[in-house]
Amino acid sequence: MVTLAEVAQHAGVSASTVSYVLSGKRSISATTRQRVEQSIRELGYHPNAGARALASSRSNIIALMIPLRTDMYVPVMMEIAVAVATTARTHGYDILLLTGEEGPDAVRRVTGSGLADAMILMDVELDDERLPLLRRSGQPSVLIGLPADTSGLTCVDLDWGATGALCLEHLAGLGHRDIAVIGEAPAVYERHTGFAERTLGGLRTRARELGLRVLHRPCEGGYDAMAVTLARIFDERPGTTGFVVQNESAVEPLLALLRQQGRAVPEDVSVLAICPDQVAVQASVRLTSVAVPAQEMGRHAVEQLVAKLDGRGTDDVVLIAPELTVRASTGPAPTP
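Conventions and cut-offs
- Residues numbered from 1 in each chain as written.
- Predicted model: local features only at pLDDT ≥ 70, side-chain atom pairs only at ≥ 80, totals over all residues.
- Heavy atoms only, no water.
- Salt bridge = Lys/Arg side-chain N within 4 Å of Asp/Glu carboxyl O.
- Helix = DSSP H or I, 4+ residues; strand = E, 2+ residues; numbered from the N terminus.
- Buried < 20%, exposed > 50% of the residue type's maximum accessible area, 1.4 Å probe, protein only.
- Core = buried A, V, L, I, M, F, W, Y, C linked by side-chain atoms within 4.5 Å.
- Domains from an automatic or database assignment.
- Contact = heavy atoms within 4.5 Å.
- Pairing = 2+ DSSP bridges.
- Axes fitted to C-alpha atoms, helices over the stretch in contact; angles between N-to-C directions.
- Phe/Tyr/Trp six-rings, centres within 6.5 Å; stacked < 30°, edge-to-face > 60°.
- Parallel < 35°, antiparallel > 145°, perpendicular 65-115°, else oblique.
- Left-handed = near helix turned anticlockwise from the far one by under 90°.

**Let's talk about the pattern of salt bridges**
Argument step 1. Under the criterion given, the structure shown has 16 salt bridges.
Argument step 2. Where Asp123 meets Arg69, a salt bridge forms, and the shortest distance between an N and an O atom there is 2.6 Å. One end of the pair, Asp123, is in the loop between β3 (118-121) and α7 (131-137); the other, Arg69, is in the loop between β1 (61-65) and α5 (74-90), and 54 residues separate them in sequence.
Argument step 3. Between Asp94 and Arg89 there is a salt bridge, with the nearest N and O atoms lying 3.0 Å from each other.
Argument step 4. By relative accessible area, which is 39% here, Asp94 ends up partly exposed.

Right, dumping it as structure tokens:
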């Protein structure tokens, strides 16, 4: 392993000069800096992370808390995580990934040990039990998600309320009056997870404004659960002609069951999904959808956090406006 002393000897400078070039703590002439940087590249030198943290009081690590639960669509969570990691790397930070369901204990462990300079929290609940400790710690942090009380917090998220409203506006514009919402697994609502609750709130508010009848049913996903949920929907509301699906694992089972029942999409029923574009375009019927901007959310979160670490950030809420793409799964409501 190449040492700092070897870099100094190769560049013809003192070890302290190399250290100052790396830390930026003192002004070094451009010529000397270029010579040191060239030696670092030629020798393949990498500063010792532990020594660098001791010298700078920084670890250059961001902790990402991303509980991986069986009732969540993991590919979206991981797409956000990859965007966080790649964006962090461009700013000189590495990611410490915390995937357990430790809640406040994980926040306490990170803030108390100095493992990371800052934190990003995902899977945010309306009354998230991690937040009181996070507020007291004073550690720079960003939430990918929106709790009920955002005071003193920096948050980045899709505007889920506007997303729900946009879905209903599209179906209402096509003449649909009875609309069923197939939601996430029941446990997601029992935890009062922010994105699911806010989407439902946006749907219900817009339904009242437009005079629509909306029936919401959570669903575990999978064929059997979807079959039971769909039967309940048509038993309760036989005139349902529009579906909003916020559950990626329910999309294909729903389309298959509608085909089996002889209900054509979009001639008899329209289906609109809130999901990644990849899920929408690969479905057996290309789905009209509102995309989940996973990469944009991850990138925004890191940029907000780096600004806070550099002393430029403020507590702020960044909401990404939803975008609806019309494909083959929605059309005019059938004539009664």
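**Comments concerning the nonpolar core**
Argument step 1. Residues Ile80, Ile120 and Ile144 are the most contacted members of the largest nonpolar core, which totals 46 residues.
Argument step 2. The residues that make up this core include at least three from each of domain 2 (61-158 + 294-320) and domain 3 (160-291).
Argument step 3. Beyond its immediate sequence surroundings of up to four residues, Ile80 is in contact with Met122, Ile144, Ala294, Met297 and Gly298.
Argument step 4. Phe234, Leu254, Val271 and Ala283 belong to the second-largest nonpolar core, a separate cluster that totals 26 residues.

**Some points on the sheet that holds strand β10 (residues 288-290)**
Argument step 1. Read across the sheet, six strands follow the order β7-β6-β8-β9-β10-β12 without closing on themselves; strand pairing throughout is mixed. Among the strands making up the open sheet, the edge pair consists of β7 (213-218) and β12 (324-325).
Argument step 2. The sheet contact formed by strand β6 (residues 178-183) and strand β8 (residues 242-245) spans four bridges and is parallel. Its bridge partner lying in β8, Val181 is registered against Val244.
Argument step 3. Packed on one face of the sheet, helix α8 (residues 160-173) meets β6, β7, β8, β9 (270-274), β10 and β12 and runs near 165° to β9.
Argument step 4. Against the sheet, helix α11 (residues 223-236) touches β6, β7 and β8, its axis set at about 155° to β7.

**Observations regarding the packing of aromatic side chains**
Argument step 1. Taken as a whole and assessed by the stated rule, the structure comprises two aromatic pairs.
Argument step 2. Measuring from centroid to centroid gives 5.4 Å for Trp160 and Phe195, while their planes differ by 50°, and the two rings are tilted. In this pair, Trp160 is assigned in helix α8 and Phe195 in helix α10 (residues 194-210), connecting sequence segments 35 residues apart. Each member of the pair, Trp160 together with Phe195, is buried.
Argument step 3. Both rings, one in Phe234 and one in Phe243, keep their centres 5.9 Å apart while their planes meet at 75°; by these two values the pair is edge-to-face. Grouping residues by exposure puts Phe234 and Phe243 together as buried.

**Concerning the side chain of Thr163**
Argument step 1. Mapped onto the elements of the fold, Thr163 is located in helix α8.
Argument step 2. Beyond its immediate chain neighbours, meaning those up to four positions away, Thr163 contacts Leu158, Ile274, Val290 and Pro322.

**What about the pairing of β6?**
Argument step 1. Within β6, six of the six residues are buried, leaving the element largely enclosed by the surrounding structure.
Argument step 2. The alternating pattern of β6 places Asp178, Ala180 and Ile182 on one face and Ile179, Val181 and Gly183 on the opposite face, and all of these are buried.
Argument step 3. Where β6 meets β7, six bridges bridge the pair, whose relative direction is parallel. By the bridge assignment, Ile182 is partnered in β7 with Arg217.

**Focus on the domain arrangement of the protein**
Argument step 1. Under the domain assignment, the protein is made up of domain 1 (4-47), domain 2 (61-158 + 294-320) and domain 3 (160-291).
Argument step 2. Taking only C-alpha atoms, the centre of domain 1 and the centre of domain 3 are 59 Å apart.

**Describing the packing of α11 against helix α12 (residues 248-260)**
Argument step 1. Look at α11 against α12: their axes get within 9 Å of each other, and the N-to-C directions meet at 55°. The orientation of α11 with respect to α12, classified from their angle, is oblique. Handedness of the crossing formed by α11 with α12: right-handed. Counting all contacts with α11, which are made through Tyr223, Met226, Ala227, Leu230 and Phe234, the residues of α12 involved are Ala250, Pro253, Leu254, Leu257, Leu258 and Gln260.

**Description of the sheet that holds β1**
Argument step 1. Pairing is parallel across the open sheet formed by six strands, whose spatial order is β2-β1-β3-β4-β5-β11. Since the sheet does not close on itself, it has two edges, and those belong to β2 (94-98) and β11 (317-320), each with one partner. Here the average twist between neighbouring strands, direction ignored, is 20°.
Argument step 2. Both β1 and β3 contribute to a ladder of four bridges, which runs parallel. Counted as the bridge partner of Ile62 is Ala118 from β3.

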